[in-house]
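# Analysis of the macromolecular model
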Protein chains: 2
Amino acid sequence: MRDVAIIGVSQTKFGELWDISFRDLITEAGIKAAADADIEGADLEAMYVGNMTAGLFIQQEHIASLIADHSGLTPIPCTRVEAACASGGLALRSGIMAVASGYHDVVLSAGVEKMTDVVDPTPAIATASDQEWEAQQGVTFPSLYAMMARRHMYEYGTTREQLAMFSVNNHKNGALNPLAQYPFEIGVDQVLNSTMVADPLRLLDCSPVTDGAAAVILCPAEDARKYTDTPVYVKASAQASGTIALHDRRDITTIDSTVHASRTAYDMAGLGPKDIGAVEVHDCFSINGILAIEDLGFVEKGQGGTAVEEGLISIDGEIPVNPSGGLKARGHPLGATGIAQAAEMVWQLRGDAGKRQVEGIEIGMTHNIGGTGGTAAVHIFGR
Amino acid sequence: MRDVAIIGVSQTKFGELWDISFRDLITEAGIKAAADADIEGADLEAMYVGNMTAGLFIQQEHIASLIADHSGLTPIPCTRVEAACASGGLALRSGIMAVASGYHDVVLSAGVEKMTDVVDPTPAIATASDQEWEAQQGVTFPSLYAMMARRHMYEYGTTREQLAMFSVNNHKNGALNPLAQYPFEIGVDQVLNSTMVADPLRLLDCSPVTDGAAAVILCPAEDARKYTDTPVYVKASAQASGTIALHDRRDITTIDSTVHASRTAYDMAGLGPKDIGAVEVHDCFSINGILAIEDLGFVEKGQGGTAVEEGLISIDGEIPVNPSGGLKARGHPLGATGIAQAAEMVWQLRGDAGKRQVEGIEIGMTHNIGGTGGTAAVHIFGR
């Protein structure tokens with residue numbers, strides 16, 4: 001198996017981008033990543049694109065062909081990978097395998113979602129849950145995560161304020177990220193007084209509806225220094241599945257796929273939670289950020305809320321979480337999120353993260369999940 | 001790069017399967033493939049599933065999680081791959097890379113589509129074309145391929161009867177395939193008198209709307225004989241992209257992605273068209289079967305119609321085409337087709353194809369395309 005490095009990354013501005021189309025968004029991300037890697041489009045040998053549901057958002061499947069075509073890169077292979085909100089993480093892993101296998105040398109892994117071209121994105125997003133047992137019964141993602149939050153509060157004494165503090169930390173970091181959808185700070189009171197969405201989750205516990213794209217460029221580790229003086233190496237790429245429906249879980253306060261994927265990743269890298277200098281977690285809702293820091297092994301199960309309250313997750317804390325602003329403040333264009341997380345970790349490891357730089361970081365992790373944890377992808381990167 | 005072998009295959013019955021759900025269909029294919037390989041589900045390390053548009057057909061994305069869950073195989077990684085009607089071919093290629101890379105040893109690559117749970121599948125299928133430049137203007141796939149057929153007739157003198165003969169050959173073979181949707185013979189007159197769909201294409205030039213699933217099980221070539229006495233080896237796995245929209249082609253009678261993917265595959269395998277003992281081509285419409293045998297290099301450009309008329313493509317001809325019955329007679333459950341093609345080629349190479357067996361076959365090829373050729377996947381297999 002060949003080791004793999006990242007030699008270029010990019011992210012478009014995330015937001016409600018009504019004046020830019022799906023095809024232009026992803027092409028912009030690709031061009032910027034190629035420029036960052038100092039390569040030409042013609043140097044690319046293959047592309048993998050994570051996207052959850054262009055079929056439902058813009059009535060366009062077969063986006064891999066569209067993207068190769070619109071970016072002028074035919075006839076290179078282009079493949080769309082989908083696992084709901086973990087689509088980006090799986091596109092990254094597919095690109096890594098393409099390089100690791102020897103099939104291709106220089107590969108682009110990207111993600112894109114255009115969510116604001118529909119009146120209501122909720123039915124499309126709900127297709128990430130079990131249509132027959134959840135969505136058709138009227139359950140939506142805020143309500144699924146609300147049940148997880150309520151149970152976590154009951155089991156472990158997690159407080160409403162601790163959930164709010166996760167969002168506050170995200171916005172504190174996101175305020176320093178010019179590519180974030182909401183680059184401003186918020187306070188605990190604002191979260192607690194925001195519109196109720198699904199009790200106990202309020203509007204400012206929820207990641208937004210976002211348009212955006214991101215891309216990374218991969219090559220064999222042994223070739224990386226031909227392209228850049230600051231390669232970032234893939235130390236581990238792991239993925240796990242879990243039950244798609246929440247009611248089939250042994251415990252709705254643990255996302256088993258996160259546990260499995262992270263343990264596989266730690267084993268691959270020969271590292272443990274204490275080695276991780278910063279992590280981008282999948283906080284589609286504030287409760288999921290708290291579950292993540294528990295399930296990734298940074299704190300004991302049930303201690304996530306307390307850890308947030310004690311400041312462990314701040315940029316200068318014990319385990320900096322979401323220096324980018326996370327899904328809440330950076331935004332959550334579903335298929336792009338897993339790639340945007342990797343881009344952030346590369347910027348951090350290069351020392352290029354500006355005012356949100358985590359000092360002294362040597363190893364970084366990304367955690368990307370689909371649905372309520374039916375899929376999890378965990379990556380570990382190092383300098 | 002590790003060489004890869006196929007140790008088990010399966011296909012469900014193809015047809016209008018109103019009494020079996022999406023999740024049961026794909027699970028049936030997986031169980032049968034595991035039985036064919038004489039392994040247990042617990043032996044599988046990862047799964048790749050090709051599916052075009054469950055989001056639009058059954059309002060279900062995140063099918064990878066659903067499938068891992070419903071088949072009782074969590075927490076193994078499961079990934080959905082999509083490239084319209086080439087989704088199956090790309091799921092096969094992704095599984096091959098997963099094994100070739102060393103990430104996984106025993107991997108299932110499958111494909112599934114449930115197309116008959118909607119009133120009209122046409123809008124969903126049309127999302128494989130360029131939504132902004134084709135589908136929104138009212139162009140559908142029969143009309144796109146009709147333009148290609150009309151131009152081929154104009155350029156090369158291909159006749160209406162020759163198109164019909166491609167369907168007749170498919171049905172002659174499909175009549176011998178108990179898993180085919182339409183296992184019966186048809187005559188040229190029936191094709192010529194069938195309902196007009198998009199001039200010059202008539203109903204019996206068109207592949208049907210189909211429910212179905214198929215699966216193959218892959219492992220490192222060096223391990224294959226631990227599982228089976230009749231492994232089939234992957235000699236080449238190639239993929240190419242082309243423009244998604246037909247109007248952007250230099251020539252609408254040539255599918256460049258087929259040309260690129262097949263030339264890459266021949267190079268990988270160190271083989272040429274004369275070495276291929278049988279081929280499963282992507283005849284979503286009869287014209288595409290004729291384009292395929294030209295673009296894959298079996299006959300000169302423009303000679304496809306004549307080759308069909310002269311019987312070169314029959315089971316005992318010079319280059320047997322679609323011994324399974326092809327998309328026309330076996331059926332075309334979009335995401336499953338590329339895998340069903342591979343299953344057929346494995347049966348042929350094992351000598352297990354029953355009455356439709358191609359005698360003396362040593363090397364087989366599959367050709368799977370998405371849209372009008374925005375994606376092409378070509379695989380070469382040998383004993």
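Residues numbered from 1 in each chain as written. Chains lettered and ligands numbered in written order. Predicted model: local features only at pLDDT ≥ 70, side-chain atom pairs only at ≥ 80, totals over all residues. Heavy atoms only, no water.

## Considerations on the overall build of chain A
For chain A, the helix and strand inventory stands at 14 helices and eleven strands. Here the C-alpha radius of gyration of chain A, 19 Å, is about what a compact globule of 383 residues would show, namely 21 Å. For chain A, the spread of C-alpha atoms along the principal axes amounts to about 55 × 45 × 35 Å. Each of the 383 residues in chain A was classed as buried or not, and the buried ones make up 68%. For chain A, contacts bridging at least 24 residues in sequence account for 77% of all contacts bridging at least 6. Entry remark: accessible area of chain A is about 12,000 Å², with carbon and sulfur atoms responsible for 49%. Here chain A holds 26 positive side-chain charges and 48 negative ones, and the gap between their average locations is 2 Å. (Helix = DSSP H or I, 4+ residues; strand = E, 2+ residues; numbered from the N terminus. Rg over C-alpha atoms; globule rule 2.2 N^0.38 Å. Buried < 20%, exposed > 50% of the residue type's maximum accessible area, 1.4 Å probe, protein only. Contact = heavy atoms within 4.5 Å. Areas by Shrake-Rupley, 256 points an atom, 1.4 Å probe, with all protein chains shown as cover. Lys, Arg positive; Asp, Glu negative; His and termini not counted. Charge placed at Lys NZ, Arg CZ, Asp CG, Glu CD.)

## Topic: the side chain of E294(A)
All names here are of chain A. With respect to the helices and strands, E294 occurs in helix α11 (residues 286–295). Side chain to side chain, E294 and H152 meet in a polar contact 3.0 Å long. Residues within four places of E294 in sequence aside, it is in contact with H152, T253, V299, E300, K301, G302, Q303, G304 and G305. (Polar contact = N/O pair within 3.5 Å; in protein donor to acceptor, adjacent residues only side chain to side chain.)

## Considering the environment of M165(A)
Residues and elements named next belong to chain A. If you trace the backbone, M165 turns up in helix α7 (residues 160–174). By relative accessible area, which is 23% here, M165 ends up partly exposed. When the C-alpha atoms of M165 and T264 are compared, they prove to be 30 Å apart, with 99 residues separating the residues in sequence. Setting aside chain neighbours within four positions, we find M165 in contact with V188, V308 and E309.

## Describing the relation of the copies chain A and chain B
Least-squares fitting of chain A to chain B yields an RMSD of 0.0 Å, with the superposition described by an axial translation of 0.0 Å and a rotation of 180°. In the structure described here, the two chain copies are related by an operation that fits a two-fold rotation axis. Every residue of chain A has its C-alpha some distance from the rotation axis, and the shortest such distance is that of S101(A), at 1.8 Å. With an isologous cut-off of 70% or more, the 100% of interface residues of chain A that recur at the interface of chain B puts this contact in the isologous class. (Least-squares fit on C-alpha atoms with pLDDT ≥ 70 in both.)

## Things to note about the side chain of D130(A)
If you trace the backbone, D130(A) turns up in the loop between α5 (122–126) and α6 (141–156). For D130(A), a relative accessible area of 3% gives the class buried. At a separation of 3.1 Å, a polar atom in the side chain of D130(A) contacts the main-chain amide nitrogen of E132(A). Not counting the four nearest positions on each side in its chain, D130(A) is found in contact with A135(A), I244(A), A245(A), R23(B), Q60(B) and L66(B).

## Some points on the packing of helix α4 (residues 87–100) of chain B against helix α14 (residues 337–350) of chain B
Angle between the axes and distance between the axes: these two values describe a pair of packed helices. Residues and elements named next belong to chain B. At their nearest, the axes of α4 and α14 sit 5 Å apart, and the two run at 65° to each other. Between α4 and α14, the crossing angle belongs to the class labelled roughly perpendicular. Each of G88, G89 and L92 in α4 lies in contact with α14, whose residues at this interface are G338, I339 and A342. (Axes fitted to C-alpha atoms, helices over the stretch in contact; angles between N-to-C directions. Parallel < 35°, antiparallel > 145°, perpendicular 65-115°, else oblique.)

## Side note on the UniProt feature "domain: Thiolase C-terminal" (unreviewed entry) in chain A
Cross-referencing UniProt, the feature "domain: Thiolase C-terminal" (unreviewed entry) maps to residues 239–383 of chain A in the present numbering. Taken end to end, residues 239–383 of chain A is 34% helix and 15% strand, and its first and last C-alpha atoms sit 22 Å apart. (UniProt positions renumbered as here; feature names shortened; annotations may be inferred.)

## Focus on the pairing of strand β11 (residues 375–382) of chain B
All names here are of chain B. With eight of eight residues buried, β11 lies mostly within the body of the structure. The alternating pattern of β11 places T375, A377, H379 and F381 and A376, V378, I380 and G382 on opposite faces, both of which are buried. Between strand β10 (residues 363–370) and β11, which pair antiparallel and follow one another directly, the connecting turn spans four residues, one of which, G371, has a positive phi of 65°. (Pairing = 2+ DSSP bridges.)

## Things to note about the interface of chain A and chain B
Between chain A and chain B, the residue contacts involve 61 residues of the former and 61 residues of the latter. For the chain A and chain B pair, buried surface summed over both sides reaches about 4,600 Å², with 52% attributable to carbon and sulfur atoms. There are six salt bridges connecting chain A and chain B. The partner of E132(A) in a salt bridge is R23(B), with the nearest N and O atoms 3.9 Å apart. The tally of links from chain A across to chain B stands at 38 residue pairs in polar contact (both at pLDDT 80 or more). Counting residues per element, the ones that place at least two in the side of chain A that touches chain B are α2 (54–57), α3 (63–70), β3 (78–82), α4 (87–100), β8 (232–241) and α10 (256–269) of chain A. (Buried area = accessible area lost by both parts, 1.4 Å probe. Salt bridge = Lys/Arg side-chain N within 4 Å of Asp/Glu carboxyl O.)

## Quick look at the environment of V308(A)
Residues and elements named next belong to chain A. By the element assignment, V308 lies in helix α12 (residues 304–309). Accessibility expressed as a relative area gives 5% for V308, which makes it buried. Put simply, V308 and G157 are 151 residues apart on the chain and 13 Å apart in space, counted from C-alpha to C-alpha.

## Observations regarding the pairing of strand β1 (residues 4–11) of chain B
The side chains of a regular strand alternate between both faces of the sheet. Residues and elements named next belong to chain B. Among the eight residues in β1, eight count as buried, and that is most of the element. Examined bridge by bridge, β1 and strand β7 (residues 212–220) share seven bridges and lie antiparallel to one another. Residue pairing for β7: V4 is matched across the bridge by P220.

## Observations concerning the UniProt feature "domain: Thiolase N-terminal" (unreviewed entry) in chain A
In the UniProt entry, the feature "domain: Thiolase N-terminal" (unreviewed entry) is given for residues 4–221 of chain A. As annotated, residues 4–221 of chain A has a helix share of 39% and a strand share of 18%, and its two end C-alpha atoms lie 5 Å apart.

## Quick word on the packing of helix α1 (residues 22–37) of chain A against α3(A)
Residue and element names in this part refer to chain A. The geometry of α1 relative to α3 is characterised by a closest axis approach of 10 Å and an angle of 65° between their N-to-C directions. In this structure, α1 meets α3 at a crossing whose hand is right-handed. For the pair α1 and α3, the contacting residues are F22, R23, D24, I26 and T27 in the first and I63, L66, I67 and H70 in the second. (Left-handed = near helix turned anticlockwise from the far one by under 90°.)

## Focus on the domain arrangement of chain A
Residues and elements named next belong to chain A. The domains assigned to chain A are domain 1 (4–120 + 210–232) and domain 2 (129–206 + 234–382). Taken over C-alpha atoms, the centre of domain 1 sits 22 Å from the centre of domain 2. Listed by partner, the interface residues are 43 residues for domain 1 and 35 residues for domain 2. Summed over both partners, the interface of domain 1 with domain 2 buries about 3,000 Å², with 65% contributed by carbon and sulfur atoms. One salt bridge connects D36 with R350, and the closest N-O pair in it is separated by 2.8 Å. Considering only residue class, the side of domain 1 that touches domain 2 consists of 22 nonpolar, 15 polar and six charged. (Domains from an automatic or database assignment. Nonpolar A, V, L, I, M, F, W, Y, C, P; charged D, E, K, R; others polar.)

## A word on the state of the cysteines
Residues and elements named next belong to chain B. The full count for this structure, using the stated rule, is zero disulfides over all chains. Summary of cysteine pairing: C219 is not part of a disulfide, and the nearest cysteine sulfur, belonging to C78, is at 19 Å. With no disulfide of its own, C284 lies 6.6 Å from the sulfur of C85, the closest cysteine sulfur. (Disulfide = S-S within 2.5 Å.)

## A short note on the pattern of salt bridges
Oppositely charged side chains can form a pair if their charged atoms are brought close together. Going through the model one piece at a time under the given rule, you end up with 39 salt bridges over all chains. Across the pair R150(A) and D199(A) runs a salt bridge, and its minimum N-O distance is 3.0 Å. With R150(A) in helix α6 and D199(A) in the loop between β5 (196–198) and β6 (201–202), the pair connects residues that are 49 residues apart, well separated along the chain. Between D117(B) and K114(B) there is a salt bridge, with the nearest N and O atoms lying 3.2 Å from each other. By relative accessible area, K114(B) is classed as buried at 1%. What emerges from the salt-bridge pattern is a single network uniting R23(A), D130(B) and E132(B).

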